[in-house]
Amino acid sequence: MALTGSEALATALGLEIFLTSWPAHASGRLPVPPSSQTLASHRACVEALERQYAEDKRRIVEKTVAADGSSQETSLQTSGIERKGSDNVRYQATVWYRHGRVRTDLGQIETSHSFETHLWECKGATLHISGETGYTMSTFEPWKKAAP
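Overview of the structure. (Residues numbered from 1 in each chain as written. Predicted model: local features only at pLDDT ≥ 70, side-chain atom pairs only at ≥ 80, totals over all residues. Heavy atoms only, no water.)

1. Let's talk about the overall build of the chain
Across its full length, the chain carries 2 helices and 6 strands. In the chain, the order of α-helices and β-strands from amino to carboxyl end is α-β-α-β-β-β-β-β. Scored against the burial criterion, the 148 residues of the chain give a buried share of 26%. Accessible surface computed for the chain: about 10000 Å², of which carbon and sulfur atoms make up 56%. (Helix = DSSP H or I, 4+ residues; strand = E, 2+ residues; numbered from the N terminus. Buried < 20%, exposed > 50% of the residue type's maximum accessible area, 1.4 Å probe, protein only. Areas by Shrake-Rupley, 256 points an atom, 1.4 Å probe, with all protein chains shown as cover.)

The structure is reproduced here in C-alpha cells:
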C-alpha cells in the first residue's frame, strides 16, 4: 500500500498513531537524560546509591483517605541495592504516586498513577544514572458516599 505525502511524513515522524483508528492509550513515558560521573572510589559510588535508596524510602507515604473520599499514596518498588560483581553495583527503583478523587458524576473514585523510575549503577568509581518519568491510565473503583 502506498502512503500519501502526509502519511509518509507522519510515519517518518513517528505519528502514525494519529492516522489510524486504533484506540489511544492514556499513558506516557519521558526518558530522563542519562548522566555519568566519576567519584573518588568505588566505595564512594556505592555510598551515593545508598543515599539515593534512603531518600526514596523517605518519600513513601502510606495511603490516606480524606473525609470527601479523595486519597493519596506514594510507594516504592525496588529490590534494593544489588551486587552484580566485585566492581558492579546497581540500584533500580520505581516511585509510584497515586491520587484519587471522587467522581460524583460516575459514582466512582478515579485514581491517577504517575511514576519515576531510576537506575543508578556503579561500574568501578563511575556512577551511571538513567531513568524515566511517566503516567498510566486512571483506575476506577466504586464510591460509597459516607452517611450524613
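Next comes the rest of the write-up.
2. As for the sheet that holds strand 3 (residues 71–85)
If you trace the 6 strands from one edge of the open sheet to the other, you get 1-6-5-4-3-2, paired in antiparallel fashion. With partners counted over all chains shown, the strands left at the sheet margins are strand 1 (28–38) and strand 2 (61–65), one partner each. Between one strand and the next, the sheet's axes are offset by a mean angle of 15 degrees, whatever the strand orientation. Here helix 2 (residues 42–58) sits on the sheet and contacts strand 3, strand 4 (88–103), strand 5 (108–123) and strand 6 (126–142); the angle it forms with strand 4, its principal contact strand, is near 15 degrees. (Pairing = 2+ DSSP bridges. Axes fitted to C-alpha atoms, helices over the stretch in contact; angles between N-to-C directions. Contact = heavy atoms within 4.5 Å.)

3. Comments concerning the nonpolar core
In terms of nonpolar packing, the biggest core is built from 10 residues, these being Cys45, Val46, Ala48, Leu49, Val89, Tyr91, Ala93, Trp120, Cys122 and Leu127. Secondary-structure elements contributing two or more residues to this core are helix 2, strand 4 and strand 5. The biggest single contributor to this core is helix 2, with 4 residues. Excluding residues within four positions of it along the chain, Trp120 makes contact with Ala48, Leu49, Gln52, Val89, Arg90, Tyr91, Leu127, His128 and Ile129. (Core = buried A, V, L, I, M, F, W, Y, C linked by side-chain atoms within 4.5 Å.)

Structural measurements only, silent on function.
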